[in-house]
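Residue-level listing of the chains:
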Amino acid sequence: MDKLQGIDSHIVIIGCGMSGIGAAQKLTKEGFKNIKIIEATGRSGGRIKTTTFGNVIVEIGANWIHGPSKANPVFQLACEHGLLDAQAMSEENQALDVGGHPSFQSFYSSSGNKLTPELTESVSQLFLTLLGKSKEFILTEKEPYPSVGEFLKKEIAKHVVEWKDDVEWKDDAETKKLKLALLTMMLKLECCVSGTHSMDLVGLGAFGGYKTLPGLDCTFPEGYEGLIDAMMKGLPEGIVSYNNPVKCVHWNGSFRGANSPEQTFPVMVECENGETVPANHVIVTVPLGYLKEHYETLINPPLPLSKVHSIQRMGFGTNNKIFLEFEEPFWEPDCEVINLIWEDETPLADVKPDVNQFWMKKIFGFTVLQPPERYGHVLCGWIAGHESEYMETLSDTEVKNSMTEVIRKFTGNPSITPKRILRSKWHSDPYTKGCYSYVAVGCSGSDIENIVQPLPLQEADTKPLQVLFAGEATHQSFYSTTHGALLSGWREADRLITHYTQCPLISQNLSSKL
Ligand code: 6YU
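Reading the values: the criteria
- Residues numbered from 1 in each chain as written.
- Predicted model: local features only at pLDDT ≥ 70, side-chain atom pairs only at ≥ 80, totals over all residues.
- Heavy atoms only, no water.
- Salt bridge = Lys/Arg side-chain N within 4 Å of Asp/Glu carboxyl O.
- Helix = DSSP H or I, 4+ residues; strand = E, 2+ residues; numbered from the N terminus.
- pLDDT = per-residue confidence, 0-100.
- Contact = heavy atoms within 4.5 Å.
- Near = heavy atom within 4 Å.
- Polar contact = N/O pair within 3.5 Å; in protein donor to acceptor, adjacent residues only side chain to side chain.
- Areas by Shrake-Rupley, 256 points an atom, 1.4 Å probe, with all protein chains shown as cover.
- Domains from an automatic or database assignment.
- Disulfide = S-S within 2.5 Å.
- Buried < 20%, exposed > 50% of the residue type's maximum accessible area, 1.4 Å probe, protein only.
- Axes fitted to C-alpha atoms, helices over the stretch in contact; angles between N-to-C directions.
- Parallel < 35°, antiparallel > 145°, perpendicular 65-115°, else oblique.
- Left-handed = near helix turned anticlockwise from the far one by under 90°.
- Pairing = 2+ DSSP bridges.
- Core = buried A, V, L, I, M, F, W, Y, C linked by side-chain atoms within 4.5 Å.
- Buried area = accessible area lost by both parts, 1.4 Å probe.
- Patch = residues over 30% accessible without salt bridge, like charges linked within 9 Å, V, L, I, M, F, W, Y side chains within 5 Å.
- Arc of directions from axis to C-beta.

Peer 1: Looking at this structure, I do not really get the pattern of salt bridges. What am I missing?
Peer 2: Two side chains of opposite charge can pair, provided their charged atoms sit close to one another. Within this structure, the stated rule accounts for 21 salt bridges. With a closest N to O distance of 2.6 Å, Arg491 and Glu492 form a salt bridge. One salt bridge connects Arg495 with Glu492, and the closest N-O pair in it is separated by 2.7 Å. Residue Arg495 and its partner Glu492 are both found in helix H17 (residues 482-502); the two are separated by 3 residues, about one turn of the helix. Through salt bridges with shared partners, a single network forms among Lys188, Asp344, Glu345 and Lys361.

What follows is the structure in structure tokens.
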């Protein structure tokens, strides 16, 4: 790759999240000299965001390395930089394959009781089996229902009928009601996993396209942002222009550089502050949520319709966290997850929830930040969808009061009061507009392919690869994850590297320079 040392093409990367940093990392390593990252906010990391909560550190964005094992590049980098604990790096941890699904654990019901394992285990098993089945339609020509939600609910309805005859499921009406309430909670959890308002919005045919890697999900003891800091240290100083939102990417033009008026560039990045940056190539890594809102003005000439339709079809939703700190734990020492079961709920009823009044019912439960020596007594509540977006509009006091009410109701303990609260507000974040992408009803893998296609679309054009697209939503099988984001950044960097190493004219120029 020494040949590339001479290449002085100007490359602008929009967005300094995992994908943008990944692209910059690969390009600089390969010898590209004129790389600039333009970032709207005052920090690197994007949806990887670690902060402090009282005396502890918490993750406002990405939490886990999903599938921490050899094939996961985020895991590899984290190991290289010494950011994980011994257990996360152990061969045993890497070999564990739980299919990427969080565990179900302690179940509290809205009448203040704890549900027994006899009741919860068979329901958890049923749900996981049905979820597994819903991923199989990626292999078939046609799916029986448009969405994962409809499929799961139809299957649940079939099982409810069979419950009468099956010895194992021979239950009284009250137990059946509780089992349906449990399944409702599991659907809410699934909304958090997929980052969607309802599983009725997630396309059944494409659902199995998401791939999991082996390894038991792990966290960064000192925070996910430590990885961003380590990666940033490997980039040239001053490579990022912060607090500089990009307004428009003008392409297919002939733009002169301020410092080199004799040279022309096919692309020009216009920032909100009036700054203009000419470039040979621009890699756009803004989140899909941002792109959905701004594609009409962000790219000029406008995006081809095939891209627009795919951007509109792909799903991008909200999954927020609500951190609560307590003086003392009310949960058992080894508890990792507290699931909340609203006894009056069933997945089989077709009711439209009153989002504003009952938003808190959408929380599927709380994860316990472990170990207590590091985190104290902190719970993290998870809430997806419109209820999550509504929660963002409330004050801290309103959210804290609602959480206090919920916890007292479910534990039957009227004196439990959280000390402190902190929550994420990803939907109101103007440069993200939600959390992560999912394949919505009507979507297929070809929508992701369409979004990825660089501009201009026609390869015959004289100036190819003017605008390239990366970011988690552009990865076929790891969308919604940090490793998907990193791999997408590497993919677009590789596209440019391959372009220059295979382009005969440039190779000739290079050999004459070397
Ligand atoms: C993971 C996890 N995780 C929780 C929550 C969130 C996410 N993810 P970035 O947004 O980072 O960067 C773009 C930059 O562009 C940004 O800095 C902007 O400011 C900037 N920008 C925007 N507009 C601009 C403009 N005009 N000009 C200049 N700059 C501009 N991933 O691996 N583990 O535990 C979680 C979680 C609350 C919000 C997550 C998790 C997702 C990752 O955080 C995310 O993918 C990457 O960080 C994105 O990097 P990027 O570079 O693309 O964008 C079956 C099936 C289901 C599928 N889902 C499976 C579940 C997996 C998802 N898990 C999620 C769970 C949690 C808790």
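Peer 1: Can you help me understand the confidence of the model for the chain in this one?
Peer 2: In low-pLDDT segments, the atomic positions of the prediction should not be examined closely. Residues of the chain with pLDDT of at least 70 account for 93%, and the chain-wide mean is 92. Low pLDDT, under 50, characterises residues 505-514; the stretch is placed with 9 contacts to residues that sit more than four places away or in other chains.

Peer 1: Can you walk me through the site of the ligand in this structure?
Peer 2: Close contacts around the ligand come from 45 residues, with Ser19, Glu39, Arg47, Trp64 and Thr482 the closest. Note that a nitrogen atom of the ligand is positioned 2.8 Å from one of the backbone N or O atoms of Trp64. One of the backbone N or O atoms of Glu472 is found 2.9 Å from an oxygen atom in the ligand. Relative to its unbound accessible surface of 1,300 Å², the ligand loses 98% to contact with the protein. Listing elements by their share of the shell around the ligand, those giving two or more residues are helix H1 (18-29), helix H7 (173-194) and H17. Residues from two domains meet in the shell around the ligand; each of domain 1 (3-48 + 221-315 + 437-513) and domain 2 (101-211 + 319-423) gives at least three.

Peer 1: I tried to follow the state of the cysteines on my own but got confused; where do I start?
Peer 2: Between two cysteines, a covalent bond joining their sulfur atoms is known as a disulfide. All chains considered together, the criterion is met by 0 disulfides. Of the cysteine sulfurs around Cys192, a residue in no disulfide, the closest is that of Cys191, at 7.0 Å. Judged by its relative accessible area of 4%, Cys192 falls in the buried class. There is no disulfide at Cys335, and the cysteine sulfur nearest it, in Cys380, is 13 Å away.

Peer 1: Before we go on, may I ask you to explain the packing of helix H10 (residues 288-298) against helix H11 (residues 305-313) in this structure?
Peer 2: Working note: a packed helix pair is described by the angle between its axes plus the distance between those axes. The N-to-C vectors of H10 and H11 enclose an angle of 130°; their axes lie 9 Å apart at closest approach. Classified by the interaxial angle, the pair formed by H10 and H11 is oblique. As for the relative orientation of H10 and H11, their crossing is left-handed in sense. Residues Leu288, Leu291, Lys292 and Tyr295 of H10 lie in contact with H11, whose contacting residues are Val308, Ile311 and Gln312.

Peer 1: I tried to follow the sheet that holds strand E13 (residues 299-300) on my own but got confused; where do I start?
Peer 2: The strands making up a sheet are joined through hydrogen bonds of the backbone, oriented either antiparallel or parallel. What the 4 strands build is an open sheet, ordered E11-E10-E7-E13; its pairing is mixed. Only two strands of the sheet have a single partner each, and these edge strands are strand E11 (276-279) and E13. Pairing analysis gives 2 bridges linking strand E7 (residues 246-250) to E13, with the strands arranged parallel. Looking at the pairing, His250 lines up with Asn300 of E13.

Peer 1: What is the right way to look at the nonpolar core in this model?
Peer 2: Nonpolar side chains in soluble globular proteins tend to end up buried together. By size, the foremost hydrophobic cluster in this structure holds 85 residues, and its most contacted members are Ile14, Leu182, Leu183, Val282 and Val284. Per-element tally for this core: the top contributor is H7, with 11 residues. Split by domain, the residues of this core number at least three in each of domain 1 (3-48 + 221-315 + 437-513) and domain 2 (101-211 + 319-423). In this structure, Cys16, Val74, Phe75 and Ile228 belong to the second largest nonpolar core, which totals 41 residues.

Peer 1: What is the right way to read the domain arrangement of the chain from this model?
Peer 2: In many reports, interface size means the accessible area that the parts give up when they come together. Entries for the chain in the domain assignment read domain 1 (3-48 + 221-315 + 437-513) and domain 2 (101-211 + 319-423). Placing a centre on the C-alpha atoms of domain 1 and another on those of domain 2 gives a separation of 37 Å. At the junction of the two partners, domain 1 supplies 14 residues and domain 2 supplies 16 residues. Summed over both partners, the interface of domain 1 with domain 2 comes to about 1,000 Å²; 59% of that surface belongs to carbon and sulfur atoms.

Peer 1: Is there a simple way to think about a nonpolar patch on the surface in this case?
Peer 2: Taken together, the side chains of Leu96, Val98 and Leu216 define a hydrophobic patch exposed on the protein surface, amounting to about 220 Å² of accessible area. Since its relative accessible area comes to 41%, Leu96 is described here as partly exposed.

Peer 1: Even after reading the chapter, I still don't get helix H16 (residues 445-452), so can you show me in this structure?
Peer 2: Each turn of an α-helix holds 3.6 residues, which means side chains three or four residues apart point in the same direction. Buried within H16 are the following residues: Asp447, Ile448, Ile451 and Val452. With its buried residues spanning 140° around the axis, H16 presents them on a single face. Buried-residue contacts for H16 involve H10, H11, strand E21 (467-469) and H17.

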